[in-house]
There are 2 protein chains.
Amino acid sequence: MLIIITGPSGVGKTTIIKTLMKADPSLKYSVSMTTRKPRHNEKHGMDYYFVSVEDFKRMIEKNELAEWSEVYGEYYGRSKKELDELSKNYDTLVGIDIQGAMKLQKTYPHGIFIFILPKSEEALETQLRGRRTDEESSIETRLNAAIDEIKKADNFDHKVVNDVVEETAEKIKSIIIAEKCRIR
Amino acid sequence: MLIIITGPSGVGKTTIIKTLMKADPSLKYSVSMTTRKPRHNEKHGMDYYFVSVEDFKRMIEKNELAEWSEVYGEYYGRSKKELDELSKNYDTLVGIDIQGAMKLQKTYPHGIFIFILPKSEEALETQLRGRRTDEESSIETRLNAAIDEIKKADNFDHKVVNDVVEETAEKIKSIIIAEKCRIR
């Protein structure tokens, strides 16, 4: 089963996924690739596979990616083969931006697509500023983009407001259990 | 929100509903009407409204029932007005046979329809015999009908195998939480 956690930048997708995996070690995480530089504490193979632009472009040409996109000048994507193998055998979590999620809807229509909403615009701004890795103009751009992206929530299956992360994780866990009971 | 718990006779619908309501007192229960005699310990207004055949037929004529059916010579049904008012204000549980559930699907298409499956045919037989209120021929009839009815599970939204009742209730609780997050 493939569980796609999407939502605007800064909404807390990574923290939610870490909380879910801590509570249920049977869940697997689909590590994606990026050409951007690692942030403080990010590890290759754990948070991302950090790859070169050349390698990334080669995989695009060979059609090896389940989805890919360019966001703020950097490439993001993931191997179709790895995602197929993981999701065939495990409940697999994918943390992904909204562009990427909409692409996965086409490749994996049976995935469970969960859109994470911020508690408020203010909460999202605080989160984006808290990263301290982006310049002011970049934060403004991301915040405006995020507010715009939230309008796309209705394209997905479920939406969860991320206020207290443990409660968000509980709701996602409930969605996974319910989907296992769903008659398609 | 209207949550319809259906499944074959003897599968444990009543026990599941009682377990759910004990765990979450905010849930409401839609009490149905029947013309059959009360079983040991059943209370008017709690388990059923026990009504006369004459009263029941009058409500049918006045089109006051959300659904009704005749099962093994007895009438079962519920007031549309009461169900509308309850489900408008509360998460409302309906325990109902499969015939009735299929009728409610037409009146309440936005309800959550959960089909309860027995762990096995043997488990269902044990349960039906355990009631000790029915004659042997009646048990045989009910068991064969139940096995036949199970084939109708795929007409509903979710199915849950009732092995350990607490786990069944947990799964239903997850389905309710997930449905609140669902984007329609």
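Computed from a predicted structure; not experimentally measured. (Residues numbered from 1 in each chain as written. Chains lettered and ligands numbered in written order. Predicted model: local features only at pLDDT ≥ 70, side-chain atom pairs only at ≥ 80, totals over all residues.)

1. Observations concerning the overall build of chain A
Secondary structure summary: chain A contains seven helices and nine strands in total. In terms of C-alpha radius of gyration, chain A reaches 16 Å, essentially the compact-globule figure of 16 Å for 184 residues. Along the first, second and third principal axes, the C-alpha atoms of chain A reach 45 × 40 × 30 Å. Burial analysis of chain A (184 residues in total) assigns 35% to the buried set. Long-range contacts, defined here as pairs at least 24 residues apart, represent 68% of the contacts in chain A between residues at least 6 apart. (Helix = DSSP H or I, 4+ residues; strand = E, 2+ residues; numbered from the N terminus. Rg over C-alpha atoms; globule rule 2.2 N^0.38 Å. Buried ≥ 20, exposed ≤ 12 C-beta atoms within 10 Å, placed from the backbone. Contact = placed C-beta atoms within 7 Å.)

2. Topic: the relation of the copies chain B and chain A
Placing chain B over chain A gives an RMSD of 0.0 Å and needs a rotation angle of 180 degrees, together with 0.0 Å of translation along the axis. Such a combination of turn and shift is consistent with a two-fold rotation axis. Closest to the rotation axis within chain B is the C-alpha of S174 of chain B, separated from it by 2.2 Å. Both copies present the same face, since 100% of the interface residues in chain B are matched by interface residues at the equivalent positions in chain A. (Least-squares fit on C-alpha atoms with pLDDT ≥ 70 in both.)

3. Details of the interface of chain B and chain A
Taken residue by residue, the interface counts 15 residues in chain B and 15 residues in chain A. Counting only elements with at least two residues in the side of chain B that touches chain A, the list comes to β9 (158-162) and α7 (165-181) of chain B. Its residues placed into classes, the side of chain B that touches chain A shows eight nonpolar, two polar and five charged. (Nonpolar A, V, L, I, M, F, W, Y, C, P; charged D, E, K, R; others polar.)

4. Some details on the nonpolar core
If you look at the biggest cluster of nonpolar residues, it comprises 76 residues, and the most contacted ones within it are I4 and I114 of chain A together with I4 and I114 of chain B. Excluding anything up to four places from it in sequence, I4 of chain B contacts V94, I96, A101, L104, G111, I112, F113 and I114 of chain B. (Core = buried A, V, L, I, M, F, W, Y, C linked by C-beta atoms within 7 Å.)

5. Some points on unusual backbone geometry
All names here are of chain B. Even without being a glycine, N41 presents a positive backbone phi close to 80 degrees. Within the fold, N41 resides in the loop between β3 (32-34) and β4 (48-50). In this structure N41 comes out as exposed when scored by C-beta crowding, with 7 C-beta atoms within 10 Å. With phi around 60 degrees, N63 is a residue other than glycine that occupies positive phi space. In this structure, N63 sits in the loop between α2 (53-61) and β5 (65-71).

6. A word on the packing of helix α5 (residues 121-130) of chain B against helix α6 (residues 136-149) of chain B
Residues and elements named next belong to chain B. Contact geometry of α5 with α6 gives a least axis separation of 10 Å together with a crossing angle of 145 degrees. As α5 packs across α6, the resulting crossing turns out to be right-handed. Of α6, the residues touching α5 (which contributes E121, L124, E125, L128 and R129) are I139, R142, L143, A146 and I147. Of the residues contributing to the contact of α5 with α6, the split by class is six nonpolar, no polar and four charged. (Axes fitted to C-alpha atoms, helices over the stretch in contact; angles between N-to-C directions. Left-handed = near helix turned anticlockwise from the far one by under 90°.)

7. Observations concerning helix α7 (residues 165-181) of chain A
Taking 1.5 Å of rise per residue, 17 residues should cover 24 Å, and α7 of chain A covers 25 Å from first to last C-alpha, within 8% of that figure. For α7 of chain A, every residue scored as buried is listed here: T168, A169, K171, I172, S174, I175, I176, A178 and E179 of chain A. The inward-facing, buried residues of α7 of chain A abut β1 (2-6), α1 (13-23), β8 (112-118) and β9 (158-162) of chain A together with β9 and α7 of chain B. (Expected span 1.5 Å × (residues − 1).)

8. Observations regarding the sheet that holds strand β2 (residues 28-29) of chain A
All names here are of chain A. With respect to topology, five strands assemble into an open sheet ordered β2-β7-β1-β8-β9, the strand pairing being parallel. In the strand order of this sheet, the two ends are held by β2 and β9, each with one partner. As paired strands, β1 and β8 are joined by four bridges and run parallel to one another. If you follow I3 over to β8, its bridge partner there is I112. (Pairing = 2+ DSSP bridges.)

9. Examining the sheet that holds strand β3 (residues 32-34) of chain A
Where strands meet in a sheet, backbone hydrogen bonds hold them as pairs that are either parallel or antiparallel. All names here are of chain A. The four strands lie next to each other as β4-β3-β6-β5, forming an open sheet whose pairing is mixed. A single partner strand is all that each edge strand has here, and the edge strands are β4 (48-50) and β5 (65-71). For this sheet the average axis-to-axis angle between neighbouring strands, irrespective of direction, equals 25 degrees. Relative to strand β6 (residues 74-79), β5 runs antiparallel, the two being bridged by six bridges. Looking across to β6, one finds that S69 is bridged to Y76.

10. Focus on the pairing of β6 of chain A
Two faces belong to every sheet, and in a regular strand the side chains alternate between them. Both β3 of chain A and β6 of chain A contribute to a ladder of two bridges, which runs antiparallel. Note on β6 of chain A: the bridge partner recorded for M33 of chain A is G77 of chain A.

11. Focus on the confidence of the model for chain A
A residue-level look at chain A finds 98% of positions with pLDDT of 70 or above and a mean pLDDT of 92. Both confidence scores are given for the complex: pTM 0.87, ipTM 0.85. (pLDDT = per-residue confidence, 0-100.)

12. What to know about the environment of Y75 of chain B
Residues and elements named next belong to chain B. Here Y75 is to be found in strand β6 (residues 74-79). Owing to 21 C-beta atoms within 10 Å, Y75 belongs among the buried residues under this scheme. Along the sequence, Y75 and E167 sit 92 residues apart, while their C-alpha atoms lie 32 Å from each other. Beyond its immediate chain neighbours, meaning those up to four positions away, Y75 contacts T34, T35, V53, F56, W68 and E70.

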